[in-house]
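# Understanding the architecture of this molecule
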Amino acid sequence: MTRATDILCVFRIQFAGTRREVGPFLLAAFLFPAAMYLFANAVAGGDVAPPQSRLRFLAGSIVFSLSLTSISWLGYLLLENRFTGRLKLFATLPLAPSSYVFGVLLFALAQAAISTTTLLLLGRALGVQTGPNFLLLTIVILLTILCLCGLGVIVAARARSFSQGSLLTDTLGAGLIFLAPVYYEPVMMPRALRVFAELLPTTFAARAVQTTLAGGHAIGNDLLALGLTAVVTLALGFRLMEWRED
Amino acid sequence: MVAEIKSISPVKVKRVTPAPAPREIAVRVQDLAKTYRDGTEANRGISLEVRRGEVVAIVGPNGAGKTTFLRQLTTELRPTTGSVSVFGVDALAAPQQAKRAMGITPQEAGVFERLTVREHFELFARLKHLSKREAGAATREVIAELELSSETNKSVGSLSGGQRRRILIGLALLGRPPLLVLDEPTTGLDPASRRAVWGVIRRAVNTGTTVILSTHYMEEAERLSDRIAVIAAGRLIAFGTLDELLTRMDKSYRLSYRDAINPTDPLSDLKIRYFASFAQAQQHISRELLSEYSIARASLEDVYFNLTGEPFDKDETETIG
(Lines give C-alpha, C1' and ligand atoms only; values in the text may rest on other atoms or scores of the structure.)
Protein backbone atom coordinates (compact mmCIF):
# COMPACT_ATOMS: atom_id res chain seq x y z
CA MET A 1 0.00 0.00 0.00
CA THR A 2 2.82 2.36 0.94
CA ARG A 3 4.58 1.49 -2.27
CA ALA A 4 1.45 2.21 -4.32
CA THR A 5 1.08 5.58 -2.55
CA ASP A 6 4.73 6.37 -3.24
CA ILE A 7 4.35 5.57 -6.94
CA LEU A 8 1.15 7.59 -7.18
CA CYS A 9 2.72 10.58 -5.42
CA VAL A 10 5.73 10.57 -7.75
CA PHE A 11 3.30 10.38 -10.68
CA ARG A 12 1.31 13.31 -9.29
CA ILE A 13 4.48 15.34 -8.77
CA GLN A 14 5.57 14.68 -12.35
CA PHE A 15 2.11 15.32 -13.71
CA ALA A 16 1.64 18.54 -11.75
CA GLY A 17 5.15 19.54 -12.75
CA THR A 18 4.33 19.27 -16.45
CA ARG A 19 0.61 20.06 -16.46
CA ARG A 20 1.10 23.32 -18.30
CA GLU A 21 3.19 21.49 -20.88
CA VAL A 22 1.03 18.43 -21.19
CA GLY A 23 -0.52 19.78 -24.42
CA PRO A 24 2.80 20.04 -26.29
CA PHE A 25 3.89 16.67 -24.82
CA LEU A 26 0.79 14.93 -26.15
CA LEU A 27 0.80 16.83 -29.40
CA ALA A 28 4.38 15.77 -30.04
CA ALA A 29 3.57 12.16 -29.10
CA PHE A 30 0.77 12.20 -31.66
CA LEU A 31 2.02 14.61 -34.33
CA PHE A 32 5.32 12.92 -35.22
CA PRO A 33 3.88 9.42 -35.51
CA ALA A 34 0.77 10.65 -37.34
CA ALA A 35 2.95 12.53 -39.81
CA MET A 36 5.08 9.41 -40.24
CA TYR A 37 1.94 7.40 -40.98
CA LEU A 38 0.84 9.88 -43.65
CA PHE A 39 4.34 10.04 -45.12
CA ALA A 40 4.76 6.26 -45.31
CA ASN A 41 1.27 5.89 -46.73
CA ALA A 42 1.95 8.52 -49.38
CA VAL A 43 5.23 6.86 -50.42
CA ALA A 44 3.41 3.53 -50.68
CA GLY A 45 0.86 5.00 -53.09
CA GLY A 46 -1.65 6.80 -50.92
CA ASP A 47 -5.17 5.51 -51.34
CA VAL A 48 -4.00 2.66 -53.56
CA ALA A 49 -1.61 1.33 -50.89
CA PRO A 50 -2.57 -2.23 -49.94
CA PRO A 51 -4.57 -2.55 -46.68
CA GLN A 52 -1.82 -4.71 -45.20
CA SER A 53 0.73 -1.92 -45.75
CA ARG A 54 -1.57 0.68 -44.21
CA LEU A 55 -2.01 -1.55 -41.18
CA ARG A 56 1.78 -1.85 -40.91
CA PHE A 57 2.16 1.93 -41.11
CA LEU A 58 -0.41 2.41 -38.35
CA ALA A 59 1.24 -0.22 -36.14
CA GLY A 60 4.61 1.38 -36.87
CA SER A 61 3.30 4.81 -35.91
CA ILE A 62 1.91 3.48 -32.63
CA VAL A 63 5.28 1.92 -31.79
CA PHE A 64 7.00 5.15 -32.83
CA SER A 65 4.74 7.04 -30.43
CA LEU A 66 5.54 4.57 -27.62
CA SER A 67 9.23 4.92 -28.33
CA LEU A 68 9.04 8.71 -28.15
CA THR A 69 7.08 8.73 -24.88
CA SER A 70 9.10 5.97 -23.20
CA ILE A 71 12.66 6.66 -24.21
CA SER A 72 12.83 10.28 -25.31
CA TRP A 73 10.45 12.02 -22.93
CA LEU A 74 10.64 9.72 -19.95
CA GLY A 75 14.42 9.88 -20.35
CA TYR A 76 14.14 13.66 -20.55
CA LEU A 77 12.15 13.84 -17.29
CA LEU A 78 14.58 11.57 -15.49
CA LEU A 79 17.53 13.55 -16.80
CA GLU A 80 15.89 16.83 -15.82
CA ASN A 81 15.27 15.54 -12.30
CA ARG A 82 18.82 14.31 -12.04
CA PHE A 83 20.61 17.37 -13.37
CA THR A 84 18.45 20.02 -11.70
CA GLY A 85 18.91 18.51 -8.24
CA ARG A 86 15.33 17.25 -7.91
CA LEU A 87 16.51 13.66 -7.73
CA LYS A 88 18.49 14.72 -4.67
CA LEU A 89 15.24 15.82 -3.09
CA PHE A 90 13.66 12.41 -3.70
CA ALA A 91 16.81 10.80 -2.32
CA THR A 92 16.28 12.50 1.03
CA LEU A 93 13.04 10.54 1.47
CA PRO A 94 12.47 6.97 2.64
CA LEU A 95 11.52 6.16 -0.94
CA ALA A 96 12.71 3.16 -2.93
CA PRO A 97 14.41 4.14 -6.22
CA SER A 98 12.13 1.69 -8.03
CA SER A 99 9.03 3.52 -6.69
CA TYR A 100 10.42 6.72 -8.16
CA VAL A 101 11.02 5.07 -11.53
CA PHE A 102 7.58 3.44 -11.57
CA GLY A 103 5.99 6.80 -10.70
CA VAL A 104 7.63 8.42 -13.71
CA LEU A 105 6.80 5.33 -15.76
CA LEU A 106 3.13 5.70 -14.85
CA PHE A 107 3.31 9.16 -16.34
CA ALA A 108 4.73 7.67 -19.56
CA LEU A 109 1.95 5.06 -19.57
CA ALA A 110 -0.72 7.74 -19.32
CA GLN A 111 0.84 9.57 -22.24
CA ALA A 112 1.10 6.35 -24.24
CA ALA A 113 -2.54 5.46 -23.62
CA ILE A 114 -3.71 8.82 -24.92
CA SER A 115 -1.45 8.90 -27.98
CA THR A 116 -2.24 5.27 -28.93
CA THR A 117 -5.98 5.90 -28.68
CA THR A 118 -5.64 9.04 -30.79
CA LEU A 119 -3.64 7.17 -33.44
CA LEU A 120 -6.20 4.35 -33.53
CA LEU A 121 -8.94 6.91 -34.06
CA LEU A 122 -6.90 8.57 -36.80
CA GLY A 123 -6.39 5.18 -38.49
CA ARG A 124 -10.11 4.52 -38.37
CA ALA A 125 -10.86 7.98 -39.78
CA LEU A 126 -8.43 7.32 -42.64
CA GLY A 127 -10.04 3.99 -43.41
CA VAL A 128 -7.45 1.57 -42.00
CA GLN A 129 -9.19 -1.72 -41.35
CA THR A 130 -8.51 -2.92 -37.81
CA GLY A 131 -10.14 -5.42 -35.52
CA PRO A 132 -8.01 -5.46 -32.42
CA ASN A 133 -8.43 -7.45 -29.26
CA PHE A 134 -8.08 -4.50 -26.89
CA LEU A 135 -6.95 -6.57 -23.92
CA LEU A 136 -4.14 -8.10 -25.95
CA LEU A 137 -3.25 -4.71 -27.42
CA THR A 138 -3.06 -3.25 -23.91
CA ILE A 139 -0.70 -6.03 -22.83
CA VAL A 140 1.51 -5.46 -25.88
CA ILE A 141 1.61 -1.72 -25.25
CA LEU A 142 2.34 -2.19 -21.55
CA LEU A 143 5.23 -4.56 -22.22
CA THR A 144 6.59 -2.30 -24.96
CA ILE A 145 6.51 0.70 -22.62
CA LEU A 146 8.22 -1.24 -19.80
CA CYS A 147 10.87 -2.49 -22.16
CA LEU A 148 11.62 0.92 -23.71
CA CYS A 149 11.37 2.76 -20.39
CA GLY A 150 14.14 0.50 -19.09
CA LEU A 151 16.37 1.88 -21.84
CA GLY A 152 15.40 5.45 -20.92
CA VAL A 153 16.23 4.77 -17.27
CA ILE A 154 19.63 3.30 -18.16
CA VAL A 155 20.56 6.33 -20.27
CA ALA A 156 19.28 8.79 -17.65
CA ALA A 157 21.20 7.04 -14.88
CA ARG A 158 24.49 6.85 -16.77
CA ALA A 159 24.59 10.11 -18.73
CA ARG A 160 27.39 12.44 -17.73
CA SER A 161 25.47 15.59 -18.58
CA PHE A 162 21.97 16.68 -19.44
CA SER A 163 22.86 17.41 -23.08
CA GLN A 164 24.64 14.08 -23.51
CA GLY A 165 21.66 12.25 -22.04
CA SER A 166 19.14 14.16 -24.15
CA LEU A 167 21.08 13.40 -27.34
CA LEU A 168 21.23 9.72 -26.44
CA THR A 169 17.54 9.40 -25.59
CA ASP A 170 16.53 11.25 -28.76
CA THR A 171 18.83 9.10 -30.86
CA LEU A 172 17.57 5.90 -29.27
CA GLY A 173 13.91 6.98 -29.43
CA ALA A 174 14.05 7.58 -33.18
CA GLY A 175 16.91 5.20 -34.05
CA LEU A 176 15.18 2.11 -32.66
CA ILE A 177 12.24 2.85 -34.95
CA PHE A 178 14.15 3.40 -38.17
CA LEU A 179 16.68 0.61 -37.64
CA ALA A 180 13.88 -1.90 -37.07
CA PRO A 181 11.40 -3.20 -39.63
CA VAL A 182 8.63 -1.03 -38.23
CA TYR A 183 7.48 0.82 -41.33
CA TYR A 184 8.67 -1.74 -43.90
CA GLU A 185 9.16 -5.46 -44.42
CA PRO A 186 12.32 -7.04 -42.96
CA VAL A 187 13.25 -8.32 -46.45
CA MET A 188 13.77 -4.73 -47.56
CA MET A 189 16.65 -4.32 -45.12
CA PRO A 190 20.33 -5.09 -45.80
CA ARG A 191 21.05 -8.66 -44.66
CA ALA A 192 23.49 -7.71 -41.87
CA LEU A 193 21.10 -5.11 -40.48
CA ARG A 194 18.26 -7.60 -40.62
CA VAL A 195 20.02 -9.91 -38.15
CA PHE A 196 20.65 -6.97 -35.81
CA ALA A 197 17.09 -5.65 -36.21
CA GLU A 198 15.67 -9.03 -35.21
CA LEU A 199 17.05 -8.39 -31.72
CA LEU A 200 15.53 -4.94 -31.30
CA PRO A 201 12.52 -4.56 -28.98
CA THR A 202 10.83 -2.29 -31.51
CA THR A 203 10.82 -5.20 -33.99
CA PHE A 204 8.93 -7.44 -31.54
CA ALA A 205 6.64 -4.55 -30.62
CA ALA A 206 5.79 -3.62 -34.23
CA ARG A 207 5.09 -7.24 -35.15
CA ALA A 208 2.92 -7.78 -32.07
CA VAL A 209 0.96 -4.52 -32.53
CA GLN A 210 0.40 -5.24 -36.23
CA THR A 211 -0.82 -8.78 -35.56
CA THR A 212 -3.09 -7.60 -32.76
CA LEU A 213 -4.53 -4.76 -34.85
CA ALA A 214 -5.34 -7.31 -37.55
CA GLY A 215 -7.24 -9.36 -34.99
CA GLY A 216 -4.57 -12.06 -34.70
CA HIS A 217 -3.41 -13.74 -31.50
CA ALA A 218 -0.19 -15.47 -32.52
CA ILE A 219 2.14 -13.12 -30.69
CA GLY A 220 3.38 -15.43 -27.94
CA ASN A 221 7.03 -15.27 -29.02
CA ASP A 222 6.98 -11.49 -29.39
CA LEU A 223 5.35 -11.06 -25.97
CA LEU A 224 7.96 -13.35 -24.45
CA ALA A 225 10.78 -11.40 -26.11
CA LEU A 226 9.29 -8.09 -24.99
CA GLY A 227 8.79 -9.40 -21.46
CA LEU A 228 12.36 -10.70 -21.21
CA THR A 229 13.79 -7.47 -22.61
CA ALA A 230 11.67 -5.48 -20.15
CA VAL A 231 12.97 -7.55 -17.23
CA VAL A 232 16.58 -7.11 -18.36
CA THR A 233 16.42 -3.38 -19.14
CA LEU A 234 14.42 -2.47 -16.03
CA ALA A 235 16.59 -4.60 -13.76
CA LEU A 236 19.66 -2.90 -15.16
CA GLY A 237 17.97 0.50 -14.93
CA PHE A 238 17.00 -0.02 -11.28
CA ARG A 239 20.49 -1.19 -10.48
CA LEU A 240 21.97 1.95 -11.96
CA MET A 241 19.32 4.32 -10.61
CA GLU A 242 20.56 4.33 -7.04
CA TRP A 243 20.14 7.10 -4.53
CA ARG A 244 23.51 6.28 -3.10
CA GLU A 245 26.58 7.44 -4.91
CA ASP A 246 29.73 5.34 -4.93
CA MET B 1 52.33 56.61 27.81
CA VAL B 2 49.37 54.51 28.60
CA ALA B 3 47.07 53.99 25.69
CA GLU B 4 43.41 54.52 26.23
CA ILE B 5 41.23 51.55 25.68
CA LYS B 6 38.71 52.68 23.08
CA SER B 7 36.54 49.66 23.00
CA ILE B 8 36.29 46.29 24.50
CA SER B 9 33.86 43.84 23.06
CA PRO B 10 31.36 42.74 25.62
CA VAL B 11 32.25 39.44 27.17
CA LYS B 12 29.63 36.90 26.32
CA VAL B 13 27.64 35.51 29.18
CA LYS B 14 27.74 31.79 28.80
CA ARG B 15 24.71 29.75 29.51
CA VAL B 16 25.27 27.97 32.77
CA THR B 17 23.85 24.54 32.43
CA PRO B 18 24.12 21.66 34.81
CA ALA B 19 26.15 18.68 33.71
CA PRO B 20 23.91 16.81 31.31
CA ALA B 21 22.56 13.48 32.36
CA PRO B 22 23.60 10.63 30.11
CA ARG B 23 21.34 10.74 27.07
CA GLU B 24 20.49 8.28 24.36
CA ILE B 25 22.86 8.34 21.41
CA ALA B 26 21.00 9.56 18.33
CA VAL B 27 23.84 9.27 15.83
CA ARG B 28 26.98 7.22 16.13
CA VAL B 29 29.65 7.54 13.45
CA GLN B 30 32.69 5.33 13.64
CA ASP B 31 35.88 5.61 11.65
CA LEU B 32 34.16 6.97 8.57
CA ALA B 33 36.32 7.27 5.48
CA LYS B 34 35.79 7.85 1.79
CA THR B 35 38.30 7.31 -0.97
CA TYR B 36 37.02 7.72 -4.52
CA ARG B 37 37.91 5.30 -7.30
CA ASP B 38 40.52 7.70 -8.69
CA GLY B 39 42.31 7.56 -5.33
CA THR B 40 41.13 10.94 -4.06
CA GLU B 41 40.66 10.80 -0.33
CA ALA B 42 37.60 12.81 0.69
CA ASN B 43 37.78 12.10 4.40
CA ARG B 44 39.00 9.59 6.95
CA GLY B 45 38.89 8.59 10.55
CA ILE B 46 35.75 10.54 11.43
CA SER B 47 34.16 9.27 14.63
CA LEU B 48 31.63 11.11 16.73
CA GLU B 49 28.50 10.59 18.75
CA VAL B 50 25.54 12.93 18.84
CA ARG B 51 23.12 12.69 21.73
CA ARG B 52 19.36 12.90 21.37
CA GLY B 53 18.12 16.49 21.52
CA GLU B 54 21.55 17.92 20.87
CA VAL B 55 22.50 20.47 18.20
CA VAL B 56 25.85 19.83 16.57
CA ALA B 57 27.33 22.35 14.14
CA ILE B 58 29.85 21.21 11.57
CA VAL B 59 32.26 23.97 10.62
CA GLY B 60 35.34 24.00 8.45
CA PRO B 61 36.94 25.75 5.49
CA ASN B 62 35.51 25.41 2.01
CA GLY B 63 36.30 21.99 0.61
CA ALA B 64 37.11 20.64 4.07
CA GLY B 65 34.65 17.79 3.70
CA LYS B 66 31.62 19.02 5.63
CA THR B 67 29.17 18.17 2.87
CA THR B 68 30.91 14.86 2.17
CA PHE B 69 30.43 13.92 5.81
CA LEU B 70 26.76 14.92 5.80
CA ARG B 71 26.17 13.03 2.55
CA GLN B 72 27.66 9.92 4.15
CA LEU B 73 25.50 10.45 7.21
CA THR B 74 22.33 10.76 5.14
CA THR B 75 23.24 7.63 3.12
CA GLU B 76 23.64 9.60 -0.12
CA LEU B 77 27.34 8.79 -0.41
CA ARG B 78 28.60 5.31 0.34
CA PRO B 79 31.63 5.44 2.64
CA THR B 80 34.65 3.28 1.85
CA THR B 81 34.92 2.19 5.46
CA GLY B 82 33.27 2.94 8.76
CA SER B 83 29.76 2.82 10.10
CA VAL B 84 26.84 5.16 10.67
CA SER B 85 24.07 4.37 13.10
CA VAL B 86 20.93 6.51 13.39
CA PHE B 87 18.85 5.76 16.48
CA GLY B 88 20.33 2.29 16.49
CA VAL B 89 19.63 1.62 12.81
CA ASP B 90 22.61 0.77 10.63
CA ALA B 91 22.23 3.50 8.01
CA LEU B 92 24.51 1.76 5.55
CA ALA B 93 22.67 -1.55 5.67
CA ALA B 94 19.15 -0.10 5.94
CA PRO B 95 19.19 3.39 4.40
CA GLN B 96 15.41 3.65 3.88
CA GLN B 97 14.75 2.73 7.50
CA ALA B 98 17.36 5.22 8.71
CA LYS B 99 15.92 7.96 6.51
CA ARG B 100 12.50 7.50 8.15
CA ALA B 101 14.06 9.10 11.23
CA MET B 102 15.68 11.94 9.30
CA GLY B 103 14.65 15.24 7.81
CA ILE B 104 17.31 16.24 5.34
CA THR B 105 18.06 19.56 3.66
CA PRO B 106 20.80 19.07 1.07
CA GLN B 107 23.09 21.96 0.26
CA GLU B 108 21.88 22.05 -3.33
CA ALA B 109 18.62 20.51 -4.40
CA GLY B 110 16.06 21.43 -7.01
CA VAL B 111 12.42 22.13 -6.32
CA PHE B 112 9.46 21.49 -8.61
CA GLU B 113 8.84 24.98 -9.91
CA ARG B 114 5.36 24.32 -11.27
CA LEU B 115 3.96 22.86 -8.06
CA THR B 116 2.36 25.29 -5.66
CA VAL B 117 3.92 25.63 -2.22
CA ARG B 118 1.02 23.66 -0.71
CA GLU B 119 1.25 20.87 -3.30
CA HIS B 120 5.00 20.61 -2.80
CA PHE B 121 4.64 20.11 0.94
CA GLU B 122 1.58 17.87 0.76
CA LEU B 123 3.01 15.50 -1.85
CA PHE B 124 6.36 15.23 -0.12
CA ALA B 125 4.62 14.68 3.21
CA ARG B 126 2.79 11.75 1.61
CA LEU B 127 6.15 10.45 0.38
CA LYS B 128 7.27 10.58 4.01
CA HIS B 129 4.41 8.16 4.61
CA LEU B 130 2.12 10.56 6.42
CA SER B 131 -1.60 9.90 5.97
CA LYS B 132 -3.55 12.35 3.83
CA ARG B 133 -4.89 14.06 6.93
CA GLU B 134 -1.49 14.21 8.62
CA ALA B 135 0.08 15.53 5.41
CA GLY B 136 -2.46 18.37 5.31
CA ALA B 137 -1.86 19.26 8.94
CA ALA B 138 1.93 19.06 8.58
CA THR B 139 1.76 21.28 5.50
CA ARG B 140 -0.25 23.97 7.29
CA GLU B 141 2.10 23.82 10.27
CA VAL B 142 5.30 24.10 8.23
CA ILE B 143 3.93 26.87 6.01
CA ALA B 144 3.01 28.91 9.09
CA GLU B 145 6.30 28.20 10.83
CA LEU B 146 8.38 29.25 7.82
CA GLU B 147 6.25 32.35 7.25
CA LEU B 148 5.17 31.24 3.80
CA SER B 149 1.42 31.65 4.39
CA SER B 150 1.01 34.35 1.76
CA GLU B 151 2.75 32.14 -0.80
CA THR B 152 0.70 28.99 -0.15
CA ASN B 153 -1.00 28.90 -3.53
CA LYS B 154 1.81 30.43 -5.55
CA SER B 155 3.93 28.25 -7.79
CA VAL B 156 7.34 27.54 -6.34
CA GLY B 157 8.92 28.90 -9.51
CA SER B 158 7.66 32.39 -8.68
CA LEU B 159 9.38 32.49 -5.29
CA SER B 160 12.68 34.13 -4.41
CA GLY B 161 15.84 32.13 -3.79
CA GLY B 162 15.48 32.62 -0.04
CA GLN B 163 11.88 31.40 -0.06
CA ARG B 164 12.88 28.32 -2.05
CA ARG B 165 15.58 27.64 0.50
CA ARG B 166 12.93 27.84 3.22
CA ILE B 167 10.85 25.33 1.28
CA LEU B 168 13.77 22.91 1.31
CA ILE B 169 14.03 23.36 5.08
CA GLY B 170 10.28 22.90 5.41
CA LEU B 171 10.44 19.63 3.49
CA ALA B 172 12.92 18.37 6.09
CA LEU B 173 10.61 19.42 8.92
CA LEU B 174 7.55 17.59 7.55
CA GLY B 175 6.44 14.82 9.87
CA ARG B 176 8.65 16.10 12.71
CA PRO B 177 11.48 13.60 12.26
CA PRO B 178 13.60 13.07 15.39
CA LEU B 179 16.79 13.98 13.50
CA LEU B 180 17.35 16.98 11.23
CA VAL B 181 20.43 17.04 9.00
CA LEU B 182 20.78 20.47 7.45
CA ASP B 183 23.60 21.26 5.06
CA GLU B 184 24.18 25.02 5.22
CA PRO B 185 20.50 25.74 5.84
CA THR B 186 20.81 29.52 5.91
CA THR B 187 23.31 30.11 3.11
CA GLY B 188 21.90 32.71 0.77
CA LEU B 189 19.24 33.91 3.19
CA ASP B 190 18.91 37.52 4.25
CA PRO B 191 19.49 38.23 7.97
CA ALA B 192 15.76 38.30 8.81
CA SER B 193 15.12 34.96 7.08
CA ARG B 194 18.21 33.52 8.74
CA ARG B 195 16.88 34.45 12.16
CA ALA B 196 13.50 32.98 11.24
CA VAL B 197 15.21 29.69 10.38
CA TRP B 198 17.15 29.79 13.64
CA GLY B 199 13.81 30.14 15.41
CA VAL B 200 12.47 27.12 13.56
CA ILE B 201 15.51 25.06 14.51
CA ARG B 202 15.29 26.15 18.15
CA ARG B 203 11.62 25.22 18.34
CA ALA B 204 12.40 21.82 16.85
CA VAL B 205 15.13 21.30 19.42
CA ASN B 206 12.77 22.32 22.22
CA THR B 207 10.54 19.43 21.23
CA GLY B 208 13.45 16.99 21.47
CA THR B 209 14.70 16.97 17.88
CA THR B 210 18.38 16.28 17.30
CA VAL B 211 20.02 18.60 14.78
CA ILE B 212 23.22 18.26 12.82
CA LEU B 213 23.94 21.25 10.63
CA SER B 214 26.86 22.53 8.66
CA THR B 215 27.40 26.25 8.44
CA HIS B 216 29.67 28.96 7.15
CA TYR B 217 28.46 31.35 9.81
CA MET B 218 30.32 31.30 13.10
CA GLU B 219 27.53 33.24 14.77
CA GLU B 220 25.10 30.54 13.69
CA ALA B 221 27.30 27.80 15.10
CA GLU B 222 27.80 29.69 18.36
CA ARG B 223 24.16 30.58 18.83
CA LEU B 224 22.52 27.34 17.83
CA SER B 225 24.80 24.50 18.73
CA ASP B 226 25.53 22.58 21.90
CA ARG B 227 28.69 21.13 20.41
CA ILE B 228 30.82 22.07 17.44
CA ALA B 229 32.75 19.75 15.14
CA VAL B 230 35.59 21.31 13.19
CA ILE B 231 36.48 19.46 10.01
CA ALA B 232 39.56 20.31 7.99
CA ALA B 233 41.12 18.38 5.12
CA GLY B 234 38.58 15.60 5.58
CA ARG B 235 39.39 14.99 9.24
CA LEU B 236 37.59 15.82 12.42
CA ILE B 237 40.14 17.98 14.18
CA ALA B 238 38.04 19.12 17.13
CA PHE B 239 34.69 18.28 18.67
CA GLY B 240 33.25 19.74 21.81
CA THR B 241 31.31 22.56 23.40
CA LEU B 242 32.44 26.10 22.69
CA ASP B 243 33.93 26.30 26.18
CA GLU B 244 35.82 23.06 25.66
CA LEU B 245 37.21 24.32 22.36
CA LEU B 246 38.17 27.65 23.90
CA THR B 247 40.08 25.99 26.70
CA ARG B 248 42.16 24.23 24.07
CA MET B 249 43.51 27.64 23.05
CA ASP B 250 46.33 28.72 25.35
CA LYS B 251 45.93 32.34 24.23
CA SER B 252 42.44 33.36 25.11
CA TYR B 253 42.47 37.14 24.43
CA ARG B 254 42.32 38.67 21.01
CA LEU B 255 43.69 42.12 20.27
CA SER B 256 42.45 43.69 17.03
CA TYR B 257 44.23 46.86 15.95
CA ARG B 258 45.44 49.07 13.16
CA ASP B 259 49.05 50.19 12.75
CA ALA B 260 50.07 53.01 15.07
CA ILE B 261 51.84 54.81 12.20
CA ASN B 262 48.68 55.71 10.40
CA PRO B 263 45.71 54.39 12.40
CA THR B 264 43.09 56.52 10.67
CA ASP B 265 43.97 55.24 7.21
CA PRO B 266 40.95 53.12 6.32
CA LEU B 267 43.12 51.15 3.94
CA SER B 268 45.54 50.06 6.66
CA ASP B 269 44.88 46.42 7.48
CA LEU B 270 43.16 45.36 10.63
CA LYS B 271 45.58 43.12 12.51
CA ILE B 272 44.88 40.49 15.10
CA ARG B 273 47.14 39.10 17.77
CA TYR B 274 46.45 36.65 20.58
CA PHE B 275 47.58 36.89 24.20
CA ALA B 276 47.41 34.60 27.19
CA SER B 277 46.05 37.34 29.46
CA PHE B 278 44.33 40.69 29.33
CA ALA B 279 47.40 42.31 30.99
CA GLN B 280 49.71 41.03 28.27
CA ALA B 281 47.44 42.50 25.64
CA GLN B 282 47.51 45.86 27.45
CA GLN B 283 51.30 45.74 27.64
CA HIS B 284 51.44 45.24 23.90
CA ILE B 285 49.14 48.23 23.36
CA SER B 286 51.41 50.42 25.50
CA ARG B 287 54.58 49.18 23.85
CA GLU B 288 53.29 49.74 20.30
CA LEU B 289 51.54 53.03 21.15
CA LEU B 290 48.32 51.77 19.66
CA SER B 291 45.39 54.14 19.63
CA GLU B 292 42.73 52.20 17.72
CA TYR B 293 42.15 48.71 18.95
CA SER B 294 39.83 46.36 20.76
CA ILE B 295 40.42 43.49 23.15
CA ALA B 296 37.99 40.63 23.40
CA ARG B 297 37.83 37.12 24.73
CA ALA B 298 38.69 34.63 22.05
CA SER B 299 35.64 33.32 20.22
CA LEU B 300 34.77 30.36 18.02
CA GLU B 301 36.22 32.30 15.13
CA ASP B 302 39.57 32.39 16.89
CA VAL B 303 39.37 28.72 17.77
CA TYR B 304 38.60 28.05 14.13
CA PHE B 305 41.66 30.02 13.01
CA ASN B 306 43.92 28.30 15.50
CA LEU B 307 42.71 24.89 14.43
CA THR B 308 42.46 25.32 10.68
CA GLY B 309 45.08 28.00 10.06
CA GLU B 310 42.52 29.97 8.07
CA PRO B 311 40.75 33.13 9.16
CA PHE B 312 37.03 32.74 8.95
CA ASP B 313 36.52 35.73 6.72
CA LYS B 314 39.64 36.54 4.74
CA ASP B 315 38.23 39.83 3.50
CA GLU B 316 37.97 41.38 6.91
CA THR B 317 40.89 40.18 8.90
CA GLU B 318 44.53 39.55 8.55
CA THR B 319 46.00 37.62 11.37
CA ILE B 320 49.56 37.97 12.52
CA GLY B 321 51.83 36.30 15.06
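It should be emphasised that the depicted structure is a prediction, and the values quoted were computed from it without experimental measurement. (Residues numbered from 1 in each chain as written. Chains lettered and ligands numbered in written order. Predicted model: local features only at pLDDT ≥ 70, side-chain atom pairs only at ≥ 80, totals over all residues.)

## What about the overall build of chain A?
Where we set the bar: A run of H or I in DSSP becomes a helix once it reaches four residues, and a run of E becomes a strand once it reaches two; helices and strands are each numbered from the N terminus. Exposed residues have 12 or fewer other C-beta atoms within 10 Å of their own C-beta, buried residues have 20 or more, and partly exposed residues fall in between, where C-beta atoms are placed from the backbone.
Summing up its helical and strand segments, chain A has 10 helices and zero strands in all. In chain A, the order of α-helices and β-strands from amino to carboxyl end is α-α-α-α-α-α-α-α-α-α. In chain A, buried positions account for 48% of the 246 residues.

## Examining the sheet that holds strand β6 (residues 89-90) of chain B
All names here are of chain B. Inclusion rule: Paired strands are those between which DSSP finds at least two bridges.
Across the sheet, which stays open at both edges, the four strands sit in the order β3-β2-β5-β6 with antiparallel pairing between neighbours. Either end of the sheet is taken by a strand with one partner, and the two such strands are β3 (41-51) and β6. Direction of pairing for strand β2 (residues 25-35) relative to β3: antiparallel, over a ladder of seven bridges. Counted as the bridge partner of Ile25 is Arg51 from β3.

## Some details on the pairing of strand β10 (residues 227-232) of chain B
Residue and element names in this part refer to chain B. With five of six residues buried, β10 is to be regarded as a mostly interior element. As defined by bridge partners, strand β4 (residues 55-59) adjoins β10 across four bridges and the pair is classed as parallel. Following the sheet pairing, Ala57 is matched in β10 by Ile228. Across five bridges, the pairing between β10 and strand β11 (residues 235-240) is antiparallel. Across the sheet, the residue bridging to Ile228 is Gly240, located in β11.

## Considerations on the domain arrangement of chain B
Residues and elements named next belong to chain B. The condition that has to hold: Where each domain begins and ends follows an automated or database-derived domain assignment. Contact between two residues is assigned whenever their backbone-derived C-beta positions fall within 7 Å. Residues are sorted three ways: Asp, Glu, Lys and Arg are charged, Ala, Val, Leu, Ile, Met, Phe, Trp, Tyr, Cys and Pro are nonpolar, and all the rest, Gly among them, are polar.
Here the domain parsing of chain B yields domain 1 (25-241) and domain 2 (247-319). Domain 1 puts 11 residues into the contact, and the matching count from domain 2 is eight residues. If you list the elements that add at least two residues to the side of domain 1 that touches domain 2, you get α7 (218-224), β10 and β11. The class makeup of the residues in the side of domain 1 that touches domain 2 is nine nonpolar, one polar and one charged.

## Thoughts on the sheet that holds strand β8 (residues 179-183) of chain B
The strands making up a sheet associate through hydrogen bonds between their backbones, and the pairing can be parallel or antiparallel. All names here are of chain B. Applied cut-off: Fitted lines through C-alpha atoms give the axes, limited to the stretch in contact for helices. The angle between two N-to-C directions lies from 0 to 180 degrees.
Strands sit in the order β7-β8-β9-β4-β10-β11 across an open sheet of six strands; the sheet is mixed. Both edges of this open sheet fall to β7 (102-105) and β11, since each of them pairs with a single strand only. Pairwise comparison of adjacent strand axes, ignoring direction, gives a mean angle of 15° for this sheet. As defined by bridge partners, β7 adjoins β8 across four bridges and the pair is classed as parallel. In the strand pairing of β8, Thr105 is matched with Leu182. Here helix α10 (residues 300-308) sits on the sheet and contacts β4, β10 and β11; the angle it forms with β10, its principal contact strand, is near 30°.

## Some points on the interface of chain B and chain A
At the junction of the two partners, chain B supplies 23 residues and chain A supplies 25 residues. Mapped by element, the contributors of at least two residues to the side of chain B that touches chain A are α2 (95-99) and α3 (117-127) of chain B. Considering every element that reaches the side of chain B that touches chain A, the biggest residue donor is α3(B), with four residues. Partitioned by chemical class, the residues of the side of chain B that touches chain A number nine nonpolar, five polar and nine charged.

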